[in-house]
Amino acid sequence: MASSDGTDSRTNSLATRSTASTHNDEDVGPSEHKGWLMKRTRMSRKWKRQWFLLKNTDLYYAKGPEDKLKRIPLTNSEISETSIDRKSFAFSIKSKENGRTYFIHAENEMTQNDWMQAICFAKAAGQREDNSSACVIQ
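The structure presented is a predicted model; accordingly, all values stated were derived computationally and were not measured.

**Q** Could you give an account of the overall build of the protein chain, with specific residues and numbers?
**A** For the protein chain, the count of helices and strands is one helix and seven strands. A buried classification covers 42% of the 138 residues belonging to the protein chain. Pairs at least 24 apart in sequence give 39% of the contacts found in the protein chain among residues at least 6 apart. Element-wise, carbon and sulfur atoms account for 46% of the exposed surface of the protein chain, whose accessible area totals about 8200 Å².

In structure tokens:
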């Protein structure tokens, strides 16, 4: 997807990514990404603002950065853009490990692309076998 300066926002370097976080990102390693996103709850199907942390091959989320983290396993998961509840900049993660589908949306396209790319790279890094299909964003 081209931005106003003509570059493809899907190929942004992870080193130049930005998140919606106002927290200090100095402690984020090269395989980490963190910030605020909206997540659709499984039972009530309401959207709640959650703190997300991508670390190694897992995505974690909680009510805030100091709260207990819940894990979304990314190994063998599928990530794709989705249009659910008429939300812009939404994507889903379908975990084959636990059978759940997680619906997440960002506040803008750049943040969505940054997160999807970072998740894709983390997922690819965790592939032990044929990683030719490890990083497919649908």
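Once you've had a look at it, read on.
**Q** An account of the side chain of Thr 111 is needed here, citing residue identities and associated values.
**A** Along the polypeptide, Thr 111 turns up in helix H1 (residues 109–125). Taking relative accessible area as the criterion, Thr 111 reaches 6% and is therefore assigned buried. Apart from residues lying up to four places away in sequence, Thr 111 is in contact with Leu 37 and Ala 106.

**Q** Requested: an account of the sheet that holds strand S5 (residues 78–82), with residues and values cited.
**A** A sheet is described by the order of its strands in space; here seven strands give the open sequence S4-S3-S2-S1-S7-S6-S5, paired in antiparallel fashion. Two strands close off the open sheet at either side, each with one partner strand: strand S4 (70–73) and S5. On average, each strand axis in the sheet is tilted by 35° relative to the strand beside it, whichever way the strands run. Strands strand S1 (32–40), strand S2 (47–55), strand S3 (58–62), S5 and strand S6 (90–94) of the sheet are contacted by H1, whose axis makes an angle of about 115° with S1.

**Q** Outline the side chain of His 105, listing residues and values.
**A** Along the chain, His 105 falls in strand S7 (residues 101–105). Non-local contacts of His 105, meaning those with residues more than four positions away in its chain, are made with Leu 37, Met 38, Trp 47, Lys 87, Ser 88, Phe 89 and Ala 90.

**Q** Could you give an account of the pattern of salt bridges, naming the residues involved and the relevant values?
**A** Taken as a whole and judged by the stated rule, the model has five salt bridges. Note that Arg 71 and Glu 97 form a salt bridge whose closest N and O atoms lie 3.2 Å from each other. Of the two residues, Arg 71 is situated in strand S4 and Glu 97 in the loop between S6 and S7; the sequence distance between them amounts to 26 residues. On the basis of relative accessible area, Arg 71 is assigned to the partly exposed category, the value being 38%. Glu 97 sits in the partly exposed class, given a relative accessible area of 48%. A single network of salt bridges, built from pairs that share partners, joins Asp 58, Arg 71 and Glu 97.

**Q** Now, about unusual backbone geometry: what can you tell me, with residues and values included?
**A** Despite not being glycine, Arg 45 shows a phi value in the positive range, around 60°. Here Arg 45 is to be found in the loop between S1 and S2. In this structure, Asn 56 takes a positive phi of about 55° despite not being glycine. Note that Asn 56 resides in the loop between S2 and S3. In this structure Asn 56 comes out as partly exposed when scored by relative accessible area, which is 47%.

Criteria and cut-off values
- Residues numbered from 1 in each chain as written.
- Predicted model: local features only at pLDDT ≥ 70, side-chain atom pairs only at ≥ 80, totals over all residues.
- Heavy atoms only, no water.
- Helix = DSSP H or I, 4+ residues; strand = E, 2+ residues; numbered from the N terminus.
- Buried < 20%, exposed > 50% of the residue type's maximum accessible area, 1.4 Å probe, protein only.
- Contact = heavy atoms within 4.5 Å.
- Areas by Shrake-Rupley, 256 points an atom, 1.4 Å probe, with all protein chains shown as cover.
- Pairing = 2+ DSSP bridges.
- Axes fitted to C-alpha atoms, helices over the stretch in contact; angles between N-to-C directions.
- Salt bridge = Lys/Arg side-chain N within 4 Å of Asp/Glu carboxyl O.

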